[in-house]
Amino acid sequence: MNLKRLGIYLNDHLLGSTVGLELAKRTERENRSNPVGRFLATLIPLLEQDRATLLTVMDALEVRVDPLKVGGAWLTEKLSRLKLNGSWLRYSPLSRLVELEGLCVGSHGRVSLWRSLARLSAKEPRLARFDFASLAERAEGQLEMLQTLRLRSTDAAFGDASVETGEQAPVPTEA
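Residues numbered from 1 in each chain as written. Predicted model: local features only at pLDDT ≥ 70, side-chain atom pairs only at ≥ 80, totals over all residues. Heavy atoms only, no water.

**Observations concerning the overall build of the protein**
Helix and strand counts for the protein stand at 5 helices and 0 strands. In the protein, the order of α-helices and β-strands from amino to carboxyl end is α-α-α-α-α. Within the protein, buried positions represent 42% of all 175 residues. Counting contacts in the protein only where the partners sit at least 6 residues apart, residues at least 24 apart contribute 78% of the total. Summing over all exposed atoms, the protein offers an accessible surface of approximately 9,600 Å²; the carbon and sulfur share of this is 57%. (Helix = DSSP H or I, 4+ residues; strand = E, 2+ residues; numbered from the N terminus. Buried < 20%, exposed > 50% of the residue type's maximum accessible area, 1.4 Å probe, protein only. Contact = heavy atoms within 4.5 Å. Areas by Shrake-Rupley, 256 points an atom, 1.4 Å probe, with all protein chains shown as cover.)

Here you go:
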């Protein structure tokens with residue numbers, strides 16, 4: 001197994017995890033009074049667990065955290081706030097849609113990460129203690145809910161006012 005490439009791969013996912021967690025926190029703050037915010041309030045602690053698991057995997061494999069990637073991720077998330085959303089001074093329905101799309105992309109990445117590590121764990125004894133299949137399954141469930149919220153946000157962003165934010169969306173107990 002090429003540990004140098006694996007280290008790069010894991011640091012890339014750590015970068016994505018950092019951006020995704022910051023994005024989820026910002027989106028939750030802007031949507032506390034609606035189903036998006038309620039779901040993200042349950043998702044954020046699980047994203048923090050996933051990030052901690054990734055760091056534990058990196059430690060088990062003796063992969064050094066790349067501080068430039070982590071710092072760059074933080075900066076990237078902050079700069080992403082400057083995007084045009086049709087409203088210069090306030091959060092808009094388009095903001096919500098774009099942020100949910102970003103969270104969906106990140107969730108696809110987490111599913112891929114856990115599936116790749118599950119495959120590698122068959123050959124790498126230091127990975128055997130991790131339940132990557134369960135992590136991938138959980139991430140798939142989270143992605144499904146994010147997709148549902150994203151589709152509702154699409155309707156709200158482009159004209160269906162009945163789904164703006166007041167419509168109840170199911171919030172799973174185990175995100």
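**So, the environment of leucine 135**
Relative to the helices and strands, leucine 135 is located in helix α5 (residues 132-157). Assessed through its relative accessible area of 14%, leucine 135 is described here as buried. Here the alpha-carbon distance between leucine 135 and threonine 53, two residues 82 residues apart in the chain, equals 9.6 Å.

**Side note on the pattern of salt bridges**
Summed over the entire model, instances satisfying the criterion amount to 7 salt bridges. The salt bridge involving glutamate 99 is made with arginine 26; its shortest N-O contact spans 3.0 Å. Remark: arginine 26 occurs in helix α1 (residues 3-30) and glutamate 99 occurs in helix α4 (residues 93-121); sequence separation between them is 73 residues. Comparing glutamate 99 with arginine 26 shows no difference in burial state: the two are buried. Note that arginine 110 is salt-bridged to aspartate 50, the shortest N-O span being 2.7 Å. Of this pair, arginine 110 sits in helix α4 while aspartate 50 sits in helix α2 (residues 35-60); the two residues are 60 residues apart in sequence, bridging distant segments of the chain. Like arginine 110, the residue aspartate 50 is buried in the burial classification. Look at the salt bridges and you will find they share partners, linking Asp50, Arg110 and Arg138 into a network. (Salt bridge = Lys/Arg side-chain N within 4 Å of Asp/Glu carboxyl O.)

**Brief notes about the packing of α2 against α4**
A packed helix pair is summarised by two numbers, namely the angle formed by the two axes and the spacing between the axes. α4 packs onto α2 with a crossing angle of 35° between their chain directions and a minimal axis gap of 12 Å. Considering only the axes of α2 and α4, their crossing is left-handed. Residues Val36, Leu40, Leu47, Asp50, Thr53, Leu54 and Val57 of α2 form the contact with α4, whose own contacting residues are Arg96, Leu100, Leu103, Arg110, Leu113, Trp114 and Leu117. Of the residues that constitute the contact of α2 with α4, the class distribution is 10 nonpolar, 1 polar and 3 charged. (Axes fitted to C-alpha atoms, helices over the stretch in contact; angles between N-to-C directions. Left-handed = near helix turned anticlockwise from the far one by under 90°. Nonpolar A, V, L, I, M, F, W, Y, C, P; charged D, E, K, R; others polar.)

**Section: unusual backbone geometry**
Across residues other than glycine, the phi torsion is negative in most instances, and most of the peptide bonds are trans. Phi is positive for glutamate 62, close to 60°, though the residue is something other than glycine. Structurally, glutamate 62 can be placed in the loop between α2 and α3 (67-80).

**A look at the packing of α1 against α2**
Between α1 and α2, the least distance of the axes is 9 Å, while the angle of their chain directions is 160°. Viewed along their axes, α1 and α2 adopt a mutual orientation that is roughly antiparallel. Relative to α2, α1 is oriented so that their crossing is left-handed. Facing α1, whose interface residues are Leu10, Asn11, His13, Leu14, Ser17, Thr18, Leu21, Ala24, Lys25, Thr27 and Glu28, α2 presents Val36, Gly37, Leu40, Ala41, Ile44, Leu47, Glu48, Arg51, Leu54, Leu55, Val57 and Met58. (Parallel < 35°, antiparallel > 145°, perpendicular 65-115°, else oblique.)

**Observations concerning a nonpolar patch on the surface**
A cluster of nonpolar side chains, Leu94, Val98 and Phe158, forms an exposed patch at the surface whose accessible area comes to about 260 Å². As for its placement among the helices and strands, phenylalanine 158 is situated in the segment after α5. (Patch = residues over 30% accessible without salt bridge, like charges linked within 9 Å, V, L, I, M, F, W, Y side chains within 5 Å.)

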